[in-house]
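Summary of structural features
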Amino acid sequence: MEFIAAAVESRNERSALLSDLVERARALLPAQGPLAAFAFINPLQALEDVPFDEAVKRGARLFGCQPYLSEDRYRQKLQRDRIRRDDLQAAVREDLGALAKQTICGLSTRYDLRLAMLEHPLRIGTSDELRWFVAETDALQRFRREVSPEHRDRLIRDTHRWLQESLRNEAVHGERSKSPGCTPEIRELVLSLLSRHNDATVEHWNDRTWERISVQVLWRVCLQGAAQVQGMASQRATAIRHRDVVRDATGHDTDRLVDEVLVRYSAAFADQGFAQCPLPCRSDGFFRAFFEMYRRPRLGEPGWLRDLSTEISRIETAGLSPIECVQESLEWLGVPEAEWDDFISATLLVLRGWAGILSQLEVRPDRVAVPAPAGTLLEFLAVRLLLDRVALAYVAKKQLHDAQPLSTIRQRLARERAPTPPENIEQRAFILFKLAQLLGWSPLALVVQSNDGWQTIFTEIESFSSWERRRIYQRAFERQLRERALDALSIHAMRPRRECESPRFQAVFCIDAREESYRRHLEEASSEFQTFGMAGFFGVPMYFRGAADAHYAAVCPVVVYPKHWVTEDVLYPLGESHRRRAKTRRALGMASHRLHIGSRQIASGTLLTAGIGVLASIPLTARLLFPRVTAKIRRLCSSLVESPKLTRLWLERTAENPGPDGDAIGFTVEEMADLATAAVRDLGLVSNFARLVFFLGHGSSTMNNPHNSVYNCGACSGNTGGANARALAAMLNDRRVKEILVERGIEIPCDTYFVGGLHNTCTDAVTFFDLDLLPKSHRGDFEEARHTFELAARRNAHERCRRFESAPLKITPAEAKYHVESRAEDLAQTRPEYGNASNAFCIVGRRSLTEGLFLDRRSFLQSYDPNVDDENCNILNRILSAVVPVCSGINLQYFFSYVDSNGWGCGSKLPHNVSALLGVMDGAMSDLRSGLPWQ
């Protein structure tokens, strides 16, 4: 009995360990939401506890992605002055510190060597390519074009003196040279050169001849030095997964077999209503539904899957749970417990897109219509390992004729892997050859080096690897922008500031970089406007469901779990019209869905394609040729079935309106007062209120982009921020909330009215909410403010059009506004606006720091007044707790998607297909692509 108890305890401990390791691996998976609510997330969020450069390096190894841009792309920026030479120099000095002035074998300082390696390309090739290059080009006839005249003259002069004084005696008088470092190979080379060029007239050789000889001697010296030293130890990566060694041994990739099954099944399991029919037994979970689907062999299935049904029957008979199945697979594959962590992470990262979205369906069920049950990621791992071992056994049997257990295959094949290729002496010598020319290292200065000296030289060159060089390039790139931004702020601070002691209008925007230009134009259009910036959910985290929405959506930062629900209801007199239109929309949706399903079936699809295909081409052609006219027709038709415009937010909590989790819809008055207090204090707007205060969330519109939510509000998890702006405005207009604010020292004048709205950053149109409640006394002011918004929109569109190749250079503001509206309605424009692609930094402070300063839509702008904050900086801490995750997530998502579009991002949009209404795949089947598309 004691033995059985100990075995059970050991099994429980191992199960607990596996569960912990799966949770650790979960952190490495993409945490972005579905397409409808794409949340900007730092792709390296699991490594946020280490310095950025180290996190990038580790992330590149984990995910197989590039850590930085290529050296060629950085040099292009250097040539275009996007990276300045003084910034590159400063970055090298900062990185080396006290070692910058240290001399390498009496030749050059570390600083000079690294700067030369950064400023000039160090391209190499294979041995055959280098031999061809040396033989067929002028590489051994003259110095490189980048070599400065001073270094060229010195190299020729030193070589001339060395050869003439030390080696010519041997050629003419037969005396053995006593020149230091003059090896037999060098003497033979020099004698050959002298005889080839008529050594009797050596005193009469011209500069061109001496240059040729100097280059050839230098090349031979570099070859000799490279042959004397050992290269840096290159550790061959140990194969973590069995698939790697099997692929190297047989050329057959078992992942291709497994992924074909797992991708198709994962898409069916995660489907949000896009599939032709639901997955059977989905409610039983990923593991059991998979068994139900593959329990019996099917006609025409691949040969490797024939043993799967037998394995499933055995597992079901044994009654193994998913975690027990994982443990059994690890034992069968011979993975020791010490390797479980790396092995599980590597296995889940094979299809990190699908694993990531399944993880999100499990941990954030509030963000999708059809969530996944708890334990889905663990069950995904169990199915993956089961398929892996079935595929490995099949390939080993067919290709290796191996009947031994899988537990030994990885170790046996790893020992048989091809040996490390020999060092390429020509490659190392060629790099030194180029650097010696650039730095003026003469053959004599190199040939006198001892073996230790040669080792030091090559170690120094090879330690400054491509990864290190790109790291310095990136630092210089960022330093250039940082210095320019700080210089601009410093100069701007010395200029006289616009005083607006009693503003008539105040507008609060999201901190989004796209609002920077709009705020600037709004203030320039009217001196009576004062603007502020705060995170676009306006401090009102909630689940929101619009009048025409089927489900609630979280409109707050992705790291926040809302505790309140808010609905939009149509006004009572329009209730019957709203219900009738909702039924019509549902009927149209069902018909469209049936048409979609029918078009993908053999019999009905042929008939539908023949009968409706021609008709379907008419609106498609109209969208391409007449986008504006087609858009007007579409809006006219939509107005017949969309919800009535007169609606209200259900903000106040009442017992008779229960929420989805048994809680009530809305907020209590005290909660509304708390949110309002935090919002105005965060803004620094605790006095001097204008008559009209606008809260403007933002969103975007496009005709042809599955990543449309990327251009909405990042602080609202990829949703628009209009509901939050409208909610906060309604709270601040509430008389009871104002009374509580007075008790807290914030007195809002009786004639101050708050208006919520939505700024479309693509068309620059502004929509205002609840205008039927606007007091008559404020309507004249509102019309004047609306005119100013329209003027700012035209100017902002004009500024934006300079980045659009489709816009002519001499476009007027009115034409620019029309142009940006047309882009939003054009089916050919897959990205009618550029989102936050130009974002680079964030400024937290008073508007007076940046008002009137052209920041080129590169900065987030968060309002903060330290005079309103307390000594513990609680307001600043609250601001940064929202700003940092939102801004860094947006910035890093763009950064990594740009650095390696196919690795960190989702590559080109051309082959993208929407899958399960959650993400995009390449073509008919691939991993679910994370990150942003290249276009």
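The present account deals with the structure reproduced in this document. Only a predicted model underlies this, so the values are computations on that prediction, with no experimental measurement involved.

1. So, the overall build of the protein
The helix and strand tally for the protein stands at 32 helices and 15 strands. Residues classed as buried in the protein amount to 52% of the 935 residues present. Within the protein, residue pairs in contact and separated by at least 24 positions form 73% of the contacts whose partners lie at least 6 positions apart. Total accessible area computed for the protein in this model is approximately 44,200 Å², and 54% of it derives from carbon and sulfur atoms.

2. Here's the deal with the pattern of salt bridges
Considering all chains together, one arrives at 68 salt bridges under this definition. Close ionic contact of Glu23 with Arg26 constitutes a salt bridge, the shortest N to O distance being 2.9 Å. Of this pair, Glu23 and Arg26 both sit in helix 1 (residues 2-26), separated by 3 residues, roughly a single helical turn.

3. A closer look at helix 3 (residues 71-79)
Taken residue by residue, helix 3 has Glu71, Tyr74, Arg75 and Lys77 as its buried positions. Taken end-on, helix 3 shows its buried residues confined to a sector of 155 degrees, consistent with a single buried face.

4. Overview of the packing of helix 13 (residues 308-318) against helix 14 (residues 322-332)
Between helix 13 and helix 14, the least distance of the axes is 12 Å, while the angle of their chain directions is 125 degrees. What the angle tells us is that helix 13 and helix 14 run oblique. Once helix 13 is placed against helix 14, the crossing between them reads as right-handed. Residues Glu311, Arg314 and Ile315 of helix 13 pack against Cys325, Glu328 and Trp332 of helix 14.

5. Focus on unusual backbone geometry
The phi angle at Phe538 is positive, at roughly 55 degrees, despite the residue not being glycine. In this structure, Phe538 sits in the loop between strand 4 (529-534) and strand 5 (542-545). A relative accessible area of 0% means that Phe538 is categorised as buried. Of note, the phi angle at Asp770 is positive, near 55 degrees, even though the residue is not glycine. Inspection of the secondary structure puts Asp770 in the loop between strand 11 (766-768) and helix 30 (779-800).

6. A word on the nonpolar core
Within the largest apolar cluster, 140 residues are counted, with the highest numbers of intra-cluster contacts made by Phe290, Leu308, Leu387, Trp441, Leu446 and Ile457. The element that contributes the greatest number of residues to this core is helix 17 (residues 376-399), accounting for 14 residues. In this structure, Phe290 is in contact with Val261, Tyr265, Leu308, Ile312, Val383 and Leu387, ignoring residues within four places of it in sequence. Counting residues in hydrophobic clusters, the runner-up holds 64 residues, among them Phe544, Val555, Leu685 and Tyr864.

7. What about the packing of aromatic side chains?
All told, the structure shown has 35 aromatic pairs when counted by the stated rule. Relative to Tyr894, the ring of Phe40 lies with its centre 5.8 Å away and its plane at 20 degrees, an arrangement referred to as stacked. Of the two residues, Phe40 sits in the loop between helix 1 and helix 2 (52-63) while Tyr894 sits in helix 32 (residues 874-899), which places them 854 residues apart along the sequence. Judged by its relative accessible area of 14%, Tyr894 falls in the buried class. The lysine or arginine in question, Lys57, covers the ring of Trp467, its NZ or CZ lying 4.8 Å from the ring centre. The ring of Phe804 is capped by Arg823, whose NZ or CZ atom sits 3.9 Å from the centre of that ring.

8. Notes on the sheet that holds strand 11
Spatially, 5 strands are ordered 4-3-9-10-11 in an open sheet, and the strand pairing comes out mixed. The open sheet has two edge strands, strand 4 and strand 11, and neither has a second partner. Across the sheet, the mean angle from the axis of one strand to that of its neighbour is 25 degrees, orientation sign disregarded. Two strands pair when backbone bridges link them, and strand 3 (residues 505-510) and strand 4 are joined in this way by 6 bridges, in the parallel orientation. Looking across to strand 4, one finds that Ala507 is bridged to Thr531. The strands touched by helix 23 (residues 514-525) within the sheet are strand 3, strand 4, strand 9 (692-699), strand 10 (753-760) and strand 11, with strand 4 carrying the most contacts at an inclination of about 165 degrees.

9. Here's the deal with the sheet that holds strand 5
Read from one edge to the other, the open sheet built from 4 strands follows the order 6-5-7-8, with strand pairing classed as mixed. The open sheet has two free edges, formed respectively by strand 6 (553-555) and strand 8 (647-650), since each of these has just one partner strand. In this sheet, neighbouring strand axes are inclined to one another by 30 degrees on average, regardless of whether the strands run parallel or antiparallel. Strand direction decides the pairing type here: strand 7 (residues 565-570) and strand 8, joined by 4 bridges, are antiparallel. Paired with Val570 across the bridge in strand 8 is Thr647. Packing against the sheet, helix 28 (residues 722-733) makes contact with strand 5, strand 6, strand 7 and strand 8, and its axis sits at approximately 80 degrees to strand 8.

10. Thoughts on helix 14
The element helix 14 is extensively covered by neighbouring structure, given that 8 of its 11 residues are classed as buried. Listed in full, the buried residues belonging to helix 14 are Pro322, Ile323, Cys325, Val326, Gln327, Glu328, Ser329 and Leu330. Gly334, located one to two residues past helix 14, shows a positive phi value of around 70 degrees.

11. Structural notes on the state of the cysteines
Tallied over the full model, the rule gives 0 disulfides. No disulfide involves Cys713; its sulfur sits 3.6 Å from the nearest other cysteine sulfur, which is in Cys716. Taking the relative accessible area as the measure of exposure, Cys713 reaches 1% and is therefore buried.

12. A closer look at the pairing of strand 9
Counted residue by residue, strand 9 has 8 buried out of 8 residues, so it is predominantly covered. Burial along strand 9 is two-sided: Leu692, Phe694, Leu696 and His698 and Val693, Phe695, Gly697 and Gly699, pointing in opposite directions, are all buried. As paired strands, strand 3 and strand 9 are joined by 5 bridges and run parallel to one another. Paired with Gln506 across the two strands is Val693, which belongs to strand 9.

13. A look at the packing of helix 28 against helix 29 (residues 735-743)
At a closest axis distance of 5 Å, the pairing of helix 28 and helix 29 adopts a crossing angle of 70 degrees. It follows that helix 28 is roughly perpendicular to helix 29 by the angle criterion. Here Met731, Leu732 and Asn733 of helix 28 come into contact with helix 29, specifically with Arg735, Val737, Lys738 and Leu741. Residues that form the contact of helix 28 with helix 29 fall into these classes: 4 nonpolar, 1 polar and 2 charged.

14. A short note on the side chain of Ser915
As for its position among the elements, Ser915 is in strand 14 (residues 912-915). In this structure, Ser915 is in contact with Ala267, Trp354, Met921 and Leu928, ignoring residues within four places of it in sequence.

15. Looking at the environment of Leu140
Secondary-structure assignment places Leu140 in the loop between helix 6 (127-136) and helix 7 (149-173). We classify Leu140 as buried; its relative accessible area is 13%. Along the backbone, Leu140 and Gln216 are 76 residues apart, and their C-alpha atoms lie at a distance of 5.5 Å.

16. A look at the environment of Pro371
Relative to the helices and strands, Pro371 is located in the loop between helix 16 (352-363) and helix 17. The exposure class of Pro371 is partly exposed, given its relative accessible area of 33%. Here the alpha-carbon distance between Pro371 and Gln360, two residues 11 residues apart in the chain, equals 8.6 Å.

17. Examining the environment of Glu426
For Glu426, the position within the fold is in helix 19 (residues 425-439). Taking the C-alpha atoms as reference points, Glu426 and Cys222, separated by 204 residues in sequence, lie 9.0 Å from one another. Ignoring sequence-local partners within four residues, the contact set of Glu426 consists of Ser127, Leu130, Arg131, Trp219 and Leu223.

Thresholds, definitions, all that
Residues numbered from 1 in each chain as written. Predicted model: local features only at pLDDT ≥ 70, side-chain atom pairs only at ≥ 80, totals over all residues. Heavy atoms only, no water. Helix = DSSP H or I, 4+ residues; strand = E, 2+ residues; numbered from the N terminus. Buried < 20%, exposed > 50% of the residue type's maximum accessible area, 1.4 Å probe, protein only. Contact = heavy atoms within 4.5 Å. Areas by Shrake-Rupley, 256 points an atom, 1.4 Å probe, with all protein chains shown as cover. Salt bridge = Lys/Arg side-chain N within 4 Å of Asp/Glu carboxyl O. Arc of directions from axis to C-beta. Axes fitted to C-alpha atoms, helices over the stretch in contact; angles between N-to-C directions. Parallel < 35°, antiparallel > 145°, perpendicular 65-115°, else oblique. Left-handed = near helix turned anticlockwise from the far one by under 90°. Core = buried A, V, L, I, M, F, W, Y, C linked by side-chain atoms within 4.5 Å. Phe/Tyr/Trp six-rings, centres within 6.5 Å; stacked < 30°, edge-to-face > 60°. Lys NZ or Arg CZ within 6 Å of the ring centre and 35° of its normal. Pairing = 2+ DSSP bridges. Disulfide = S-S within 2.5 Å. Nonpolar A, V, L, I, M, F, W, Y, C, P; charged D, E, K, R; others polar.

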